[in-house]
Amino acid sequence: MSGTVRQPTVDELFEGVRICDRAFIGRAITLIESRNPAHQEKAQSLLHKLLPYSGEAQRVGISGVPGVGKSTFIENLGMWLVAEGHQVAVLAVDPSSGRTGGSILGDKTRMEQLSASEKAFIRPSPSSGVLGGVARATRETIVVLEAAGFDTVLVETVGTGQSETMVADMVDFFLVLMLPGAGDELQGIKKGILELADMVAINKADIFAEKLKQAVREYKSALHILTDASPSWHPPVVTCSGLKGEGVPELWGRIEKHRRIMSESGEREARRREQRLTWLDAQIRDRLLSDFYSNPAVKTSLSGLTNAVRAGEMTVSSAVARLLKDFQRD
Ligand code: GDP
């Protein structure tokens, strides 16, 4: 039965998205997420039409390790934004969603109130498996949602290095949620993520009253020694409780302030321009790699050459040269 359902045309999808019809938005995103070449082609025509209507939203990345309180926070922030008259979209970038068979992030059951709101749209992470593909789909989905009229796009991600970098590369503001912890935890991954942060919010302030001040001090001094990404903004450290809503409006006020400052200095547009180039580069790499490994001639010679390299009978350089010759000839 499902095989006979007529698929909407690009023009129908365009119209549907522009009037913010949920069903059409959902279908547009499904097309974008599909790896089928025909779907991809259609998705690209649609995006081409939607692009002039996109770009107006405030795009905010929200990151933090599982359990830090991201979805509780987003539910609270989202409901507050909706009450303020905003239209809020929530997306997720979760590279593990392909493997676990379902996204944990952006899961509707985790944001019950917000997902029931007519002014909000929640989409779990695409489960295409490779992070590059998930990130591409998310970035293009932002175009759809902006063209549909959403003025605020929140992109949730888990606290694992690479996915955070990718999300930081698609948003105007990158918010990192943290819990108060021992000072010596401020190593490694946390330090890496602080470099991406436009603001650090210490969450669950309602239960960590004692340790809060110390945590604020620690994060402030950690941020102090990092070079600011912008000459006009030093990432603040704030406290909040996503559960109780404490500090959430104030936190958003800072994000708005950042938007004002960055727009006035021209850095907002500069950051977006820079991001487009980063994505251009990333997509060239992704495409070349996937074209390379799916190339028939490469596929034929790869296993023999791999064996020769493994056995030490051939140098890596000459194997690569042979493979590239095969690739270019095909
Ligand atoms: P996520 O994995 O980062 O999305 O975290 P969740 O939002 O699912 O929250 C994990 C747990 O922490 C849940 O049991 C929440 O109820 C709880 N939690 C989240 N935010 C707060 C908060 O601000 N205060 C307190 N006390 N608990 C919170």
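Residues numbered from 1 in each chain as written. Predicted model: local features only at pLDDT ≥ 70, side-chain atom pairs only at ≥ 80, totals over all residues. Heavy atoms only, no water.

A look at the packing of aromatic side chains
The geometry of an aromatic ring pair is captured by two quantities: the separation of the ring centres and the angle between the planes. The full count for this structure, using the stated rule, is five aromatic pairs. Centroid distance Phe-14 to Tyr-53: 5.8 Å. Interplanar angle 55°. Geometry classified as tilted. Separated by 39 residues along the polypeptide, Phe-14 in helix α1 (residues 10-18) and Tyr-53 in the loop between α3 (37-50) and β1 (58-64) bring together distant segments of the chain. In this structure Tyr-53 comes out as partly exposed when scored by relative accessible area, which is 39%. (Phe/Tyr/Trp six-rings, centres within 6.5 Å; stacked < 30°, edge-to-face > 60°. Helix = DSSP H or I, 4+ residues; strand = E, 2+ residues; numbered from the N terminus. Buried < 20%, exposed > 50% of the residue type's maximum accessible area, 1.4 Å probe, protein only.)

Here's the deal with the environment of Thr-239
With respect to the helices and strands, Thr-239 occurs in strand β7 (residues 237-239). Among the residues examined, Thr-239 registers a relative accessible area of 32% and is labelled partly exposed. Considered as a pair, Thr-239 and Val-216 are 23 residues apart in the sequence and their alpha carbons are 7.8 Å apart. Apart from residues lying up to four places away in sequence, Thr-239 is in contact with Ile-202, Ala-205, Leu-212, Val-216 and Gly-247. (Contact = heavy atoms within 4.5 Å.)

What about the domain arrangement of the chain?
Segmenting the chain into domains produces domain 1 (1-53), domain 2 (54-265) and domain 3 (280-329). Residue-level contacts link 20 residues of domain 1 with 22 residues of domain 2. By the criterion of area lost to domain 2, the three top residues of domain 1 are Arg-22, Ile-29 and Glu-33, representing 33% of everything that side buries. Across the contact surface, domain 1 and domain 2 share one salt bridge. The tally of links from domain 1 across to domain 2 stands at nine residue pairs in polar contact (both at pLDDT 80 or more). Broken down by secondary-structure element, the contributors of at least two residues to the side of domain 1 that touches domain 2 are α1, α2 (22-33) and α3. If you tally residues by element for the side of domain 1 that touches domain 2, the top one is α2, at eight residues. Classifying every residue of the side of domain 1 that touches domain 2 gives eleven nonpolar, five polar and four charged. (Domains from an automatic or database assignment. Buried area = accessible area lost by both parts, 1.4 Å probe. Salt bridge = Lys/Arg side-chain N within 4 Å of Asp/Glu carboxyl O. Polar contact = N/O pair within 3.5 Å; in protein donor to acceptor, adjacent residues only side chain to side chain. Nonpolar A, V, L, I, M, F, W, Y, C, P; charged D, E, K, R; others polar.)

Quick look at α1
Buried within α1 we find Val-10, Leu-13, Phe-14, Gly-16 and Val-17. The arc enclosing the buried residues of α1, seen along the axis, measures out at 165°, which places them on a common side. Looking at the buried side of α1, the elements it contacts are α2, α3 and α7 (131-147). At the C-terminal side of α1, Cys-20 shows a positive phi close to 60°. (Arc of directions from axis to C-beta.)

Focus: the site of the ligand
Around the ligand, a shell composed of 16 residues is seen, among which Gly-67, Lys-70, Thr-72, Arg-110 and Asp-206 lie nearest. Taking Gly-69, its main chain carries an N or O atom lying 3.0 Å from an oxygen atom of the ligand. Here an oxygen atom of the ligand and a backbone polar atom of Lys-70 are 2.8 Å apart. For the ligand, whose unbound accessible area comes to 570 Å², protein coverage reaches 73%. (Near = heavy atom within 4 Å. Areas by Shrake-Rupley, 256 points an atom, 1.4 Å probe, with all protein chains shown as cover.)

Thoughts on the sheet that holds strand β5 (residues 173-178)
Sheets are built from strands paired through backbone hydrogen bonds, the pairs being either parallel or antiparallel. Pairing is parallel across the open sheet formed by seven strands, whose spatial order is β3-β2-β4-β1-β5-β6-β7. Bordering the open sheet on either side are β3 (120-122) and β7, each of which pairs with just one other strand. The sheet shows a mean angle of 25° between the axes of neighbouring strands, direction not considered. By the bridge criterion, four bridges tie β1 to β5 in an arrangement that is parallel. When the bridges of β5 are listed, Ser-63 appears paired with Val-176. (Pairing = 2+ DSSP bridges. Axes fitted to C-alpha atoms, helices over the stretch in contact; angles between N-to-C directions.)

Here we look at the pattern of salt bridges
Where side chains of opposite charge bring their charged atoms close, a pairing between them can arise. Following the criterion strictly, the structure yields eleven salt bridges and no others. One salt bridge in this structure joins Arg-285 and Asp-281, with 3.0 Å as the shortest N-O distance. Highlighted residues: Arg-285 and Asp-281, both in helix α12 (residues 267-294), separated by four residues, approximately one helical turn. Residue Asp-281 is classed as partly exposed on the basis of its relative accessible area, which comes to 38%. Arg-329 is the partner of Asp-326 in a salt bridge, and the nearest nitrogen-oxygen pair spans 2.9 Å. With Asp-326 and Arg-329 both in helix α14 (residues 316-329), this residue pair falls three residues apart, about one helical turn. You can call Arg-329 exposed: its relative accessible area is 64%. Where salt bridges share partners, they join Asp-172, Arg-268 and Arg-272 into one cluster.

Some remarks on a positive patch on the surface
Together, Lys-220, Arg-254, Lys-257 and Arg-260 make up a positively charged patch on the protein surface. Of the residues forming the positive patch, the biggest block, three residues, is contributed by helix α11 (residues 248-265). Relative to the helices and strands, Lys-220 resides in helix α10 (residues 209-224). The exposure class assigned to Lys-220 is partly exposed, which follows from its relative accessible area of 47%. (Patch = residues over 30% accessible without salt bridge, like charges linked within 9 Å, V, L, I, M, F, W, Y side chains within 5 Å. Lys, Arg positive; Asp, Glu negative; His and termini not counted. Charge placed at Lys NZ, Arg CZ, Asp CG, Glu CD.)

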